[in-house]
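Commentary on secondary and tertiary structure
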Amino acid sequence: MKKSKKVKKSNSWKIKQHRDQFFKKSKTLGYRSRASFKLIELNQKFKFIKKDSSLLDLGSSPGGWSQIVSGIITNGKILSIDTKFMEPIKNVKFFNCDIFDQNTHYKVQSFFKEKIDVIISDMAADTTGNKSLDSIRTNQLCSEALNMSLKILKPKGVFVSKLFTGDDFIEVKDSAKLLFKEVNFFKPKSSRNESKETYIHCKFLKTL
Ligand SMILES: C[S@@+](CC[C@H](N)C(=O)[O-])C[C@H]1O[C@@H](n2cnc3c(N)ncnc32)[C@H](O)[C@@H]1O
């Protein structure tokens, strides 16, 4: 077998192993997706979800993150939104809508009625097979979530979102730095090494 074929084969074996490990674990624990582990790691690192938090989960379907949040927030308010349907989760209100629709922003604001503590976003565009395009489209979702945070986060609020270290990564990072005093990046172990996926954690809105 040629050397490049061998490398490809061993890489796809590693990816499969990684996927299977978290897939099995999520089935055992009753989580709806492997993504749950990413939020667990993010919250262990930055400790931003409290029992009385008001929290918006963007791109929530099938519900792995919302399940974790519902287990922590017992005295707060949780709203999840996605263009895809999500089966109900205890203490979580779900809106089937699109972040790019201006009505969604109004709906979110009227649900919470006041500024909120946390926005989490795991939104990802459907894959097209063109990695560069997929990364740009997912980062546009992150930018739109950042726009929303300006309208609905409390001054000390926290914003956490998926983004890709692709072509427009620096632009998204720079706009986050214009909006927030603290901006950090963290790649959970449960996110594949080979993937360009990372997570941005922002805190303290800069007052205008
Ligand atoms: C990686 S999945 C989220 C997994 C979820 N965090 C979990 O733990 O189960 C990405 C989600 O982003 C959603 N999404 C993509 N574009 C969106 C948009 N414009 N508005 C709202 N949700 C969107 C997709 O429908 C998809 O369900």
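Residues numbered from 1 in each chain as written. Predicted model: local features only at pLDDT ≥ 70, side-chain atom pairs only at ≥ 80, totals over all residues.

What to know about the overall build of the chain
Within the chain, the regular secondary structure consists of six helices and seven strands. In the chain, the succession of helices and strands from N to C terminus is α-α-β-α-β-β-α-β-α-β-α-β-β. Taking the principal axes of its C-alpha atoms as reference, the chain extends roughly 65 × 40 × 30 Å. Sorting the 208 residues of the chain into buried and exposed places 33% on the buried side. Counting contacts in the chain only where the partners sit at least 6 residues apart, residues at least 24 apart contribute 61% of the total. (Helix = DSSP H or I, 4+ residues; strand = E, 2+ residues; numbered from the N terminus. Buried ≥ 20, exposed ≤ 12 C-beta atoms within 10 Å, placed from the backbone. Contact = placed C-beta atoms within 7 Å.)

Focus: the site of the ligand
Lining the immediate environment of the ligand, one finds 23 residues, of which Ser33, Ala35, Gly59, Gly64 and Asp122 sit closest. Put simply, the parts of the chain that give the shell around the ligand at least two residues each are α3 (64–72) and β2 (77–82). Of the residues contributing to the shell around the ligand, the split by class is 10 nonpolar, eight polar and five charged. (Near = placed C-beta within 6 Å. Nonpolar A, V, L, I, M, F, W, Y, C, P; charged D, E, K, R; others polar.)

Observations concerning the nonpolar core
If you look at soluble globular proteins, the nonpolar side chains tend to sit buried side by side. Within the largest apolar cluster, 40 residues are counted, with the highest numbers of intra-cluster contacts made by Leu55, Leu58, Ile119, Ile120, Ala145 and Phe159. In terms of residue count, the dominant contributor to this core is strand β5 (residues 153–164) (six residues). Other than its neighbours up to four places away in sequence, Ala145 contacts Leu58, Ile99, Ile119, Ser121, Met123 and Ser161. (Core = buried A, V, L, I, M, F, W, Y, C linked by C-beta atoms within 7 Å.)

A few points about the packing of helix α4 (residues 102–112) against helix α5 (residues 131–152)
Between α4 and α5, the least distance of the axes is 11 Å, while the angle of their chain directions is 35°. Crossing of α4 against α5: the hand is right-handed. Seen from α4, the contacting residues are His105, Val108, Gln109 and Phe112; seen from α5, they are Met148, Lys151 and Ile152. Class assignment of the residues belonging to the contact of α4 with α5 gives a composition of four nonpolar, two polar and one charged. (Axes fitted to C-alpha atoms, helices over the stretch in contact; angles between N-to-C directions. Left-handed = near helix turned anticlockwise from the far one by under 90°.)

Looking at the packing of α5 against helix α6 (residues 169–179)
Orientation of α5 relative to α6, taken along the N-to-C sense of each, is 10°, at an axis distance of 10 Å. Judged by the inter-axis angle, α5 sits roughly parallel to α6. In this structure, α5 contributes Asn139, Cys142, Ser143, Leu146 and Leu150 to the contact, and α6 contributes Phe169, Val172, Ser175, Ala176 and Leu179. Considered class by class, the residues forming the contact of α5 with α6 number seven nonpolar, three polar and no charged. (Parallel < 35°, antiparallel > 145°, perpendicular 65-115°, else oblique.)

Thoughts on the environment of Ser26
Within the secondary structure, Ser26 sits in helix α1 (residues 3–29). Residue classification places Ser26 among the partly exposed residues on the basis of 19 C-beta atoms within 10 Å. On a C-alpha basis, the gap between Ser26 and Phe37 in space is 8.1 Å, while along the polypeptide they are 11 residues apart. Discounting chain neighbours no more than four positions away, the residues touching Ser26 are Tyr31, Ser33, Arg34 and Ser36.

Some details on the sheet that holds strand β1 (residues 54–58)
Spatially, β3-β2-β1-β4-β5-β7-β6 is the arrangement adopted by the seven strands of the open sheet, whose pairing is mixed. Only two strands of the sheet have a single partner each, and these edge strands are β3 (92–96) and β6 (180–186). Averaged over all neighbouring strand pairs, the angle between strand axes comes to 15°, with direction disregarded. One ladder, built from six bridges, connects β6 with strand β7 (residues 197–205); its direction is antiparallel. When the sheet's bridge partners are listed, Glu182 is paired in β7 with Lys203. (Pairing = 2+ DSSP bridges.)

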